[in-house]
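# Chains, contacts and geometry: an overview
Here's the letter readout for the chains.
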Amino acid sequence: MKKTTIKDIAAAAGVSPASVSMILNGRNLSRFTEQTIQNVYRASRQLGYLPKKQQRHKNPKETIIIVCPSLMNPYYATLIQSMEQEARLRGYLTMIFTTYWDKASEREVLEMATDPSIAGIIFSMIPQQPHMAEEVSKLVPMVAVGDRTYNLKLDTVDVNNYSAGRMVASHLIGLGHKHVAYISTTLNEEHSSRMKRCDGLSDEYFQSCPAGTVTVYTQDVSSHKELYVTGVEHEVGYSLTQKCLQESPHVTAIVAINDMVAYGVRAALIDAGRRIPDDMSLCAFDNIYPSRFPGVDLTTIEHAIVERGRSSIRLLSEKLRGESEFIDENAITRVEYQSNLVVGSTTGPARSH
């Protein structure tokens, strides 16, 4: 089979070989339009061109970009480590890019991912700019790990956060909790998992405990704060719990958006002299490893973090190797893991007034 050359790419992209050389080597990119750059990248991928920096190695390894919003939360640290474990087994190199939920940073990594030297990209969350991610996925294989989202035109490895919210609600209703609070960091459509957990919790209460209430407490967190305040989730959980105790004395259980926020809730309850679960029950989501420590033993939702991380690499690898059952480029593959409730010592029967 004939080896692809820069001249072949130039002919396919409709530019000069010199332009192809500069673009593929990242030189003087300001001279070219974004469309020209993308045309060269697309032709390079379609023709199977191997960049020089990979040609220099006898056994070149493909690089996968892993995008995550933060490394402080053990959820993402565990997820990424499981991805890297599977990637090494399959002979891939990995590059971690942290966005701190900043859209500009997400755009930057999406633009970088179109470079032919990048084999594929994995989002450890649902992209904040799904339409841009979908466009880039036409050039480079992409997988997103996060929430069950039917309108996302990307391969996904996900869980059903809506069902998880209903699962928590059913558990609390069974313990006699009529009035609960939901405590969360930034709550909007860009954070679909947070919204769906809240929706599931509220809908289950509406249907199974119509006399009950779900009071939502949320605090917006900027990308700047995500980056510079390492304990931001704990801080949000703590401050919103103080507000809840002042404004909603009828609440007998608190549901935190994730385990890290729940640790802040727990600290605020202890500092306020409230006993867990005698005075207040506490639930969360993710089941990260500190939640099983003695003295914490949090009631939380298990989301198969390690299994989903490894599965995302396997799915991407199948796409890269052409081993997927669905080889049609228009096909979308969705892998869904079931969530489970892990009952710890932080939930008990509702206190009597």
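Since the structure is predicted, the reported quantities are computational estimates derived from the model, not experimental observations.

## Some remarks on the state of the cysteines
Scanning the entire structure with this criterion turns up zero disulfides. In this structure C209 is not part of a disulfide, and its nearest cysteine sulfur, from C283, lies 14 Å away. For C209, a relative accessible area of 10% puts it in the buried group.

## Some details on the pattern of salt bridges
Here the structure, examined in full by the defined rule, presents 13 salt bridges. Between E135 and K138 there is a salt bridge, with the nearest N and O atoms lying 2.9 Å from each other. R197 is the salt-bridge partner of D286, the closest N and O atoms lying 3.4 Å from each other. Placement of D286 in strand β9 (residues 281-286) and of R197 in helix α9 (residues 192-208) is noted, with a sequence separation of 89 residues between them. Here D286 matches R197 in class, with each residue buried. Within this structure, E86, R90 and R314 form a network of salt bridges that share partners.

## Topic: the packing of helix α1 (residues 6-13) against helix α2 (residues 17-24)
Contact pair α1 / α2: the axes reach a minimum separation of 8 Å and the direction vectors enclose 105 degrees. Taken together, the axis directions place α1 and α2 in an arrangement best described as roughly perpendicular. Here α1 contributes I6, K7, I9 and A10 to the contact with α2, which in turn contributes P17, V20, S21 and L24. Of the residues contributing to the contact of α1 with α2, the split by class is six nonpolar, one polar and one charged.

## Quick word on the sheet that holds strand β1 (residues 63-68)
Taken in spatial order, the six strands line up as β2-β1-β3-β4-β5-β11 in an open sheet, and their pairing is parallel. Edge strands, defined here as strands with exactly one partner in the open sheet, are β2 (93-98) and β11 (334-337). Geometrically, the sheet is characterised by an average inter-axis angle of 15 degrees between neighbouring strands, direction not taken into account. Bridge count between β1 and strand β3 (residues 118-123): five bridges; the pairing is parallel. Looking at the pairing, I64 lines up with G120 of β3.

About the thresholds
- Throughout this description, residue numbers start from 1 for each chain and increase along the sequence as written.
- For this predicted model, a pLDDT threshold of at least 70 governs which residues receive local features, and a threshold of 80 or more governs which side-chain atom pairs are given and counted, while totals over whole chains, interfaces and linings are taken from all residues.
- Side-chain figures throughout are based on the complete set of non-hydrogen atoms in the structure, without hydrogens or water.
- Here, the term disulfide refers to a pair of cysteine sulfur atoms separated by no more than 2.5 Å.
- Three labels apply to residues, based on accessible area from a 1.4 Å probe with only protein chains included: buried if under 20% of the type maximum, exposed if over 50%, partly exposed otherwise in between.
- Whenever a carboxyl oxygen of Asp or Glu lies within 4 Å of a side-chain nitrogen of Lys or Arg, that contact is scored as a salt bridge.
- Where helices and strands are cited, they refer to DSSP runs of H or I of at least four residues and of E of at least two residues respectively, numbered from the N terminus.
- Angles run from 0 to 180 degrees between N-to-C directions of axes, and those axes are lines fitted to C-alpha atoms, restricted for helices to the stretch in contact.
- Oblique is the label for any angle not covered by the other classes, which are roughly parallel (under 35 degrees), roughly antiparallel (over 145) and roughly perpendicular (65 to 115).
- Contacts are residue-level and defined by heavy atoms, with any inter-residue pair within 4.5 Å sufficient.
- Three categories are distinguished: nonpolar for Ala, Val, Leu, Ile, Met, Phe, Trp, Tyr, Cys and Pro, charged for Asp, Glu, Lys and Arg, and polar for the others, with Gly belonging to the last.
- The rule for pairing is simple: two strands pair if DSSP sees at least two bridges between them.

Purely geometric stuff here, so don't read any function into it on its own.
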